[in-house]
Amino acid sequence: EDRIQQLESIGFQWVIEQRNNQTWDAMFETLKQYKAEYGNTDVPRRYADNPQLGSWVNTQRSGYKNFRAGKKQSMCQGMSEDRIQQLESIGFRWVIEKQN
C-alpha cells in the first residue's frame, strides 16, 4: 500500500493513457449507438447483445462513485470530469433503481 501511494504521488500511471482513451472513446460511441436504438443509456449489466458494453457501463458507474468519493485514482477506473461531462451530455444516469 505504501509503495502504491509513493508511486501515485509522483504521477505513476497504472494504465497507458492513450490506449485507455481509445478504448473509452470506442465504448462511448457504442453507448451512443445504444441510446439511438433504445432511447436511453440504461444498458443492462448482463446485456446479451454486447456483454462488453454492459460491463463498461457498470464500470463507469462504479468509477464515478469512487471519483466523487475522493478515492485514489486507481479505484476510479479512469473517471475524470471530462468523461463525466461527456456521459452526462448524452443523458447518462449514474444510479439506476433496481426493479423488483
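Summarised in this report is the structure supplied together with it. (Residues numbered from 1 in each chain as written. Predicted model: local features only at pLDDT ≥ 70, side-chain atom pairs only at ≥ 80, totals over all residues. Heavy atoms only, no water.)

**Some details on the environment of Ala69**
Rule in force here: Runs of H or I in DSSP of at least four residues are treated as helices and runs of E of at least two as strands, each being numbered from the N terminus. Here the term buried applies to any residue with accessible area under 20% of the maximum for its type, exposed to any over 50%, and partly exposed to those in between, with areas from a 1.4 Å probe on protein chains only.
In this structure, Ala69 sits in the loop between α3 (51–68) and α4 (81–89). Under the relative-accessibility criterion, Ala69 is labelled exposed at 54%. Along the backbone, Ala69 and Ile90 are 21 residues apart, and their C-alpha atoms lie at a distance of 23 Å.

**Brief notes about the side chain of Thr41**
To be explicit about the condition: Residue contacts follow a heavy-atom distance rule, with two residues in contact if any of their heavy atoms lie within 4.5 Å.
Along the chain, the position of Thr41 falls in the loop between α2 (17–38) and α3. Every residue in contact with Thr41, bar those within four places of it in the chain, is listed here: Leu31, Tyr34, Lys35, Val57, Arg61, Ile90, Gly91, Phe92 and Arg93.

**Quick look at the packing of aromatic side chains**
As a reminder, the rule being used: Ring geometry is summarised as follows: Phe, Tyr and Trp rings, the Trp one being its six-membered ring, pair when their centres sit within 6.5 Å, and such pairs are stacked at plane angles under 30 degrees, edge-to-face over 60 and tilted between the two.
One pass over the full model with this rule turns up 6 aromatic pairs. Ring geometry for Tyr34 and Tyr38: centres 4.5 Å apart, planes at 35°, overall tilted. Of this pair, Tyr34 and Tyr38 both sit in helix α2, 4 residues apart, roughly one helical turn. An aromatic cluster of three or more residues is present, and its members are Trp24, Phe28 and Trp56.

**A word on the packing of α3 against α4**
This is how it is decided: Simply put, an axis is a line fit to the C-alpha atoms, just over the touching stretch for a helix, and the angle between two N-to-C directions goes from 0 to 180 degrees. Here the angle decides the label: under 35 degrees means roughly parallel, over 145 means roughly antiparallel, 65 to 115 means roughly perpendicular, and every other value means oblique. Each helix crossing is assigned a hand: it is left-handed if the near helix lies turned anticlockwise from the far helix by less than a right angle, otherwise right-handed if that turn is clockwise. Basically, the charged four are Asp, Glu, Lys and Arg, the nonpolar ten are Ala, Val, Leu, Ile, Met, Phe, Trp, Tyr, Cys and Pro, and anything else, Gly included, counts as polar.
Two elements in contact, α3 and α4, have axes separated by 11 Å at closest approach and are oriented at 130°. Relative to α4, the element α3 is oriented oblique. Our pair here, α3 against α4, has a crossing hand that is left-handed. The segment α3 lies against α4, with Trp56, Gln60, Tyr64, Phe67 and Arg68 engaging Glu81, Ile84, Leu87 and Glu88. When the residues that make up the contact of α3 with α4 are grouped by side-chain class, the tally is 5 nonpolar, 1 polar and 3 charged.

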